[in-house]
Amino acid sequence: MRNLLRINQPFLGKEEIEAVAEVLRDGVLTDKSGSGPRVLQFERDFARYVGARYAVAVNSGTAALHSALMASEIGRGDEVLLPSFTFSATAGSVMMTGAKPVFVDIDPKTYCLRVDSVEGKVSSRTTVIMPVHLYGLPADMGRIRELARKHNLVIIEDAAQALGAEYQDKKIGAIGDATCFSFYGVKNITTGEGGMVTTNDHELAEKLRSIRVHGEDRPYWVTRLGHNYRMSEIAASIGIVQLKKLPSFLEKRRKNSSYLSKRLSDSKKLDLPAEPEGRKHSWHLYTVRMKGANAGKRNKVVEKLRAKNIGASVYYETPVHLLPLYRKMGNLYKGDLLETERAARQVFSLPIHPMVGQDDLDELSSVLEKILIRQ
Ligand SMILES: *Cc1c(COP(=O)(O)O)cnc(C)c1O
């Protein structure tokens, strides 16, 4: 039987090993302001790559989300609009500020926040909207910006999966008030653990830098509540190298995705991922959906793929509003976000990361086709 084909895995080479060894030889592993030489370089390179004025490195994607929310000065009494069809950290970061997450439904084709489902949920307490570019496909930023302007909302994007994605020829990271990225082990690039916030707002960038080091404005001078969200020099040194490789990673992901879409295009039982006009996918995940009558077979199909060592996975089996913590808050119940709940029952993702080869894709497609025929 074949080796396990993982849903995602880091692509690391001797350049990363050498970069880390150099930090260890230099002996400066971190900097008390959070702005050591490697962190500064990673931030500069990153800002240039996405086309944003500022980039602030932190030690996880969750830290990026939390510090962006803290910098927008929300707290108890505020409400934040966000999709429920996401990784729990999007909502968790809102909870950590004391604000209330208000979940909205998704568009069934793009799996991203659906702007129509927001209107009835905006109240006088709503201060922030958090689009999630799920699987790496940008949300409908044009309409989200209109809505934000109309209701005076801050836009904080969860782009943990969307590094390299574009909306109308602009990179994700250069559009909203603040955009949050993750460099967790299996994201499009990794630093082990790590994150970044990009913004074009000077004042916001300064606040983020302060929040990253306990709310200090200068050493030991605390003027606001902060955290230890510093990125280490080791992590930044890996990030610098990974960012250089990102264009080739993205190209491979795109190539693998279009090959899979060609191979699977005849399947009457699957909906394939969309890339609407004006949006460029980062192809973090290649996510298909079991159609109508076959939807109930999703888990069986995933199990059978796994039995053949093909690491198909479900993101996300339980929408956030139905997780125990959020259910307890009594905001929403089963049936309240129909498209979200439907997608959670029907989707699964297939491996397309840069280490997946043509043979893997051929095998994966024929195994999947056989499984689907027998359903
Ligand atoms: C990975 C991820 C996060 C969290 O990033 P970490 O670096 O793991 O903290 C947040 N939101 C989404 C959508 C993610 O995929």
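Quick caveat: nothing in here was measured; it's all calculated off a predicted structure.

**Structural notes on the side chain of glutamate 166**
With respect to the helices, strands and loops of the structure, glutamate 166 is situated in strand β6 (residues 166-167). Those residues in contact with glutamate 166 that lie beyond four places of it in its chain are Pro138, Lys171, Ile172, Gly278, Arg279 and Lys280.

**Regarding the packing of aromatic side chains**
Applying the stated criterion to the full structure yields 12 aromatic pairs. Taken together, a centroid distance of 5.3 Å and an interplanar angle of 50° make the contact between phenylalanine 11 and phenylalanine 249 tilted. Highlighted residues: phenylalanine 11 in the segment before α1 (14-26) and phenylalanine 249 in helix α7 (residues 233-264), separated in sequence by 238 residues. The partly exposed category is assigned to phenylalanine 11, whose relative accessible area is 33%. Residue classification places phenylalanine 249 among the buried residues on the basis of a relative accessible area of 5%. The interplanar angle of 70° and the centroid separation of 5.1 Å between the aromatic rings of phenylalanine 46 and phenylalanine 181 together place this pair among those described as edge-to-face. Note that phenylalanine 46 is positioned in helix α2 (residues 37-50) and phenylalanine 181 in strand β8 (residues 178-182), a separation of 135 residues in sequence. Looking at phenylalanine 46, the relative accessible area reads 0%, which means it is buried. Note on phenylalanine 181: relative accessible area 1%, which makes it buried. One aromatic cluster is present, formed by Phe42, Phe46, Phe181 and Phe183 through successive ring pairs. Looking at lysine 171, its charged tip hangs above the ring of tyrosine 49, at a distance of 4.5 Å from the centre. The ring of tryptophan 221 is capped by arginine 218, whose NZ or CZ atom sits 4.6 Å from the centre of that ring.

**A closer look at the pattern of salt bridges**
Proximity of charged atoms lets side chains of opposite charge pair with each other. Taken as a whole and assessed by the stated rule, the structure comprises 19 salt bridges. For lysine 280, the salt bridge identified is with glutamate 166, shortest N-O distance 3.8 Å. Of this pair, lysine 280 sits in strand β13 (residues 279-280) while glutamate 166 sits in strand β6, and the two are 114 residues apart along the sequence. On the basis of relative accessible area, glutamate 166 is assigned to the buried category, the value being 14%.

**Describing the sheet that holds β13**
Read across the open sheet, the 3 strands follow the order β7-β6-β13; overall the sheet is antiparallel. Because the sheet does not close on itself, it has two edges, and the strands there are β7 (170-171) and β13. Note: β6 against β7, 2 bridges, orientation antiparallel. Among the inter-strand pairings, glutamate 166 is bridged to a residue of β7, identified as lysine 171.

**Topic: the packing of α2 against α7**
The contact between α2 and α7 brings their axes to 7 Å, and the two run at 25°. Considering their axes alone, α2 and α7 lie roughly parallel with respect to each other. In this structure, α2 meets α7 at a crossing whose hand is left-handed. Across the interface between the two elements, Pro37, Arg38, Val39, Gln41, Phe42, Asp45, Phe46 and Tyr49 of α2 pack against Glu233, Ala236, Ser237, Gly239, Ile240, Leu243, Leu246 and Leu250 of α7. For the contact of α2 with α7, a count of residues per class yields 10 nonpolar, 3 polar and 3 charged.

**Description of the layout of surface pockets**
By volume, the largest pocket amounts to about 430 Å³. Along its surface, the largest pocket is lined by 27 residues, and Phe87, Ala160, Ser182, Tyr184 and Lys187 are the ones closest to its centre. Considering only residue class, the lining of the largest pocket consists of 14 nonpolar, 10 polar and 3 charged. Built from parts of two domains, the lining of the largest pocket gets at least three residues from each of domain 1 (14-241) and domain 2 (246-373). Lining the second largest pocket are Lys32, Ser33, Ser35, Glu206, Arg209, Ser210, Arg212, Val213, Glu216, Asp217, Arg218 and Pro219. Mapped by element, the contributors of at least two residues to the lining of the second largest pocket are α6 (202-212) and β10 (216-218). Here the element with the most residues in the lining of the second largest pocket is α6; it accounts for 4 residues. Considering only residue class, the lining of the second largest pocket consists of 2 nonpolar, 3 polar and 7 charged.

Basis of the calculations
Residues numbered from 1 in each chain as written. Predicted model: local features only at pLDDT ≥ 70, side-chain atom pairs only at ≥ 80, totals over all residues. Heavy atoms only, no water. Helix = DSSP H or I, 4+ residues; strand = E, 2+ residues; numbered from the N terminus. Contact = heavy atoms within 4.5 Å. Phe/Tyr/Trp six-rings, centres within 6.5 Å; stacked < 30°, edge-to-face > 60°. Buried < 20%, exposed > 50% of the residue type's maximum accessible area, 1.4 Å probe, protein only. Lys NZ or Arg CZ within 6 Å of the ring centre and 35° of its normal. Salt bridge = Lys/Arg side-chain N within 4 Å of Asp/Glu carboxyl O. Pairing = 2+ DSSP bridges. Axes fitted to C-alpha atoms, helices over the stretch in contact; angles between N-to-C directions. Parallel < 35°, antiparallel > 145°, perpendicular 65-115°, else oblique. Left-handed = near helix turned anticlockwise from the far one by under 90°. Nonpolar A, V, L, I, M, F, W, Y, C, P; charged D, E, K, R; others polar. 1 Å grid on protein atoms, 1.4 Å probe; cavity = no way out; pocket = protein on both sides within 12 Å on 5 of 7 lines; lining within 4 Å. Points joined across faces, edges and corners; volume = space filled by probe spheres on them. Domains from an automatic or database assignment.

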